[in-house]
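In case you want the letters, here they are:
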Amino acid sequence: MLGVQRWSRVTIIPPTDADLLAIVSQSHPCLAFIAPTLLKVYIALRGSPTSPKSTRPLSPRDLLKWANRTAFHCSSLTNHTIARETWEDVFLEAIDCFAAMIPPSPARTMTIERIGSEMGFPPERVKLYIDSHAPTLKDTTHAINVGRVLVPKAPSTTPRRTTRPFAYTTHAKKLLEQLAVAQLHREPLLLVGETGTGKTTIVQHLADLLHHRLVVVNVSQQTESSDLLGGFKPVDVRTLAVQVKQVFDGLFERTFSVKRNEAFLSRVSEVYDSQDWSAFGKLLKAAVAQAEARFVALSEEEEEGGARKKRRMDSNLKGEWGKFTDSLKMLEMQQAHGKGKAQAFSFVEGSLVKAFRRGDWLLLDEINLAASDTLESIASLIREGGSITLPEKGDIEPIKPHPNFRIFAAMNPATDVGKRDLPPALRGQFTELFVGSPDESLADLLLIIKQYIGHLIVGDERAASDVAHSYLKIKRAAEGHEIVDGVGEKPHFSVRTLSRTLSYVADTAGMYGLRRALYEGFCMSFSTMLEKSSREKVVQDIIEGIYPSANRNVRSALRSLPKRPAGNVVQLGHYWIECGEETPQENPQYIVKAHTSVEQNLHNLASIPNLASGSNVFGKNLHG
Ligand SMILES: Nc1ncnc2c1ncn2[C@@H]1O[C@H](COP(=O)(O)OP(=O)(O)OP(=O)(O)O)[C@@H](O)[C@H]1O
Ligand SMILES: [Mg+2]
């Protein structure tokens, strides 16, 4: 380090066990009598060297988190006895704090067994947890009750947006319980799991259930901290005007009667819509003058100590109008200088700051890909009681988080060589959960399948299990390297591939009939990206799986054309494709020979809008 000799070096030694005991007992006096037990569990786990490499080590922060959660359960204790049910809840908290980040493995089981034995639970109880813990979920008007926790919903006038199929599998309910507890304690949460295991879906679903808006940021190496925090960006008059109008609407409504000022407001909207920025500025200035006059009148009234205020003004309002005047001036300046063409720079808040201020939930997807300065800004934010200061903007007052603000992050495990991991200091600040695949249990898989196509399989109940077994068979073949994709790599199939297939089936079963739609959907999602012999194997598996008792004629039946749907459609092979608005143009140089790869590709493309992958010479863009 440069100039190291000018610094005095102080080594901070980690807290000793006695220190930890004192910290736990003093920060939660109600726990003083069980603090030694809590510490004993932590010490037993801390030393265990069995965790897989990709798991983060435990730190005193985890102990304090557990103590905090335990204090929540014990807050109403009157004497030094903890009811059995409460101690069970404390056990579940310990598992979430110390074992939930470990992928399913003997190490995870051992950790849970250790927690159980240190806390005095018989091995049968621990085994029951491991084999069959399944929280219940009750959704009422004002709260959701999931497992051990009751979480109030945010008051909301907007109806829930959930239109995506969501199956309450045991996998999903366990995760919902873990997420709900963490967000109740305002812990930042990190979900680690393979792609397509439902990490984004579960956070989105909980946000919808609790009426919070979720902002998802797909982090990449190109994400700069200014994308999250904000920065000066060039803005034209229109962009400024949009911001000004938004603030104005909010302020006006809180200061004046909207009803009595209808004529004025409609004039404002009129000039705004016609983009007459000079008239727009003048009208807003008039409103500012009115507001100022009102504040003067109010303070005089107050001084006289008499006349009742008709409308109570909140104390911030005056300051907010003051700030608004500044942005109005900015708009005027921009308008005067550039006559609407030149660009000014204005501070545009990043997604993180916006969510922080408004009280939205924020999900940072693929957080491990972020550059180190972006990670640093995230770390400073999630430190306890974190607040943000934006010196770039000229702010000296830190922004405090809205009480509803929560932060979630998701990433794939960094088990493969070359995958980026999170810096340990940042990772340790999150409550970490490992998310396994929802298809590990057949019952869960069937629930998901029924969620998508349940209404179509009435009278053909076997269809769900045929789908499940076909999916599992193909997935196993991929994992066992029996099949490879077009570039010789192992294909990755997950519940995402399955859900895409089933959404397609739900859309097309009316045209094709259920089984045929399943066949087409499976071929589209599971076979088109494979190398030739793998594809043939998978198509054969699909036929056997979807038509388990069919005779040999099934292949020719599958080549028959479905009934023509309504609307303007053309036929390509055995598909009907909806026509666009443009007139078709023949390209005489493009040759489609029967039974060639070109024809095959066209058929694959026809079946769905998909991602054309392959090396450049294959001509992905040629025809369409
Ligand atoms: N409980 C469920 N019910 C219905 N569908 C589900 C459920 N869980 C997951 N899915 C489906 O699985 C698919 C993959 O989920 P999601 O996108 O959340 O995965 P992810 O873990 O965020 O993946 P990535 O790491 O690639 O971001 C989605 O299409 C979703 O609809
Ligand atoms: Mg995701």
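Residues numbered from 1 in each chain as written. Chains lettered and ligands numbered in written order. Predicted model: local features only at pLDDT ≥ 70, side-chain atom pairs only at ≥ 80, totals over all residues. Heavy atoms only, no water.

**So, the site of ligand 1**
- Neighbouring ligand 1 are 16 residues; T195, K199, T200, T201 and R496 lie closest to it.
- Between an oxygen atom of ligand 1 and a side-chain N or O atom of S499, the distance comes to 2.9 Å.
- Calculation on ligand 1 without its partners gives an accessible area of 640 Å², and the protein chains cover 86% of this total.
- Going through the elements one at a time, α8 (199-209) and α19 (495-512) are the ones with two or more residues in the shell around ligand 1.
- Of the residues assigned to the shell around ligand 1, the class counts are five nonpolar, eight polar and three charged.
- Viewed by domain, the shell around ligand 1 spans two of them, domain 2 (188-431) and domain 3 (446-560), each represented by three or more residues. (Near = heavy atom within 4 Å. Polar contact = N/O pair within 3.5 Å; in protein donor to acceptor, adjacent residues only side chain to side chain. Areas by Shrake-Rupley, 256 points an atom, 1.4 Å probe, with all protein chains shown as cover. Helix = DSSP H or I, 4+ residues; strand = E, 2+ residues; numbered from the N terminus. Nonpolar A, V, L, I, M, F, W, Y, C, P; charged D, E, K, R; others polar. Domains from an automatic or database assignment.)

**Overview of the packing of aromatic side chains**
- Using the criterion set out here, one finds 19 aromatic pairs in the structure.
- With a centroid separation of 6.3 Å and 40° between ring planes, the pair formed by Y42 and F98 is classed as tilted. With Y42 in helix α2 (residues 35-46) and F98 in helix α4 (residues 84-98), the pair connects residues that are 56 residues apart, well separated along the chain.
- Centre to centre, the rings of F252 and F264 are 6.0 Å apart; their planes meet at 25°, and the pair counts as stacked. Taken together, the residues span a long stretch of sequence, with F252 in helix α10 (residues 237-255) and F264 in helix α11 (residues 262-273) at a distance of 12 residues.
- By the ring-pair criterion, three or more aromatic residues cluster together here, those being F248, F252, F256, F264, W321 and F324. (Phe/Tyr/Trp six-rings, centres within 6.5 Å; stacked < 30°, edge-to-face > 60°.)

**Observations regarding the sheet that holds strand β4 (residues 189-192)**
- Pairing is parallel in the open sheet, where five strands are placed in the order β5-β8-β9-β4-β10. Looking at the sheet topology across the chains shown, the edges are occupied by β5 (214-218) and β10 (431-434). Ignoring strand direction, the axes of neighbouring strands in this sheet form an average angle of 20°.
- Examined bridge by bridge, β5 and strand β8 (residues 361-365) share five bridges and lie parallel to one another. The residue of β8 that forms the bridge with V216 is L363. (Pairing = 2+ DSSP bridges. Axes fitted to C-alpha atoms, helices over the stretch in contact; angles between N-to-C directions.)

**Remarks on the packing of helix α17 (residues 442-453) against helix α18 (residues 462-479)**
- Interaxial distance between α17 and α18 falls to 9 Å at its minimum, and their mutual angle equals 120°. Relative to α18, α17 is oriented oblique. Pair α17 / α18 crosses with right-handed handedness. Here L442, L445, L446, I449, K450 and I453 of α17 lie close against α18, whose contacting residues are A464, S465, V467, A468, H469, Y471 and L472.
- Along the lines of polarity and charge, the residues of the contact of α17 with α18 split into 10 nonpolar, two polar and one charged. (Parallel < 35°, antiparallel > 145°, perpendicular 65-115°, else oblique. Left-handed = near helix turned anticlockwise from the far one by under 90°. Contact = heavy atoms within 4.5 Å.)

**Some remarks on the sheet that holds strand β3 (residues 149-152)**
- Read from one edge of the open sheet, three strands run β1-β2-β3, paired in antiparallel fashion. Only two strands of the sheet have a single partner each, and these edge strands are β1 (137-139) and β3. Mean inter-strand twist for the sheet, computed between neighbouring axes without regard to direction, equals 15°.
- With three bridges joining them, β1 and strand β2 (residues 143-146) adopt antiparallel strand pairing. Among the inter-strand pairings, K138 is bridged to a residue of β2, identified as N145.
- Lying on the sheet, helix α7 (residues 170-184) is in contact with β1, β2 and β3; it crosses β3 at an angle near 65°.

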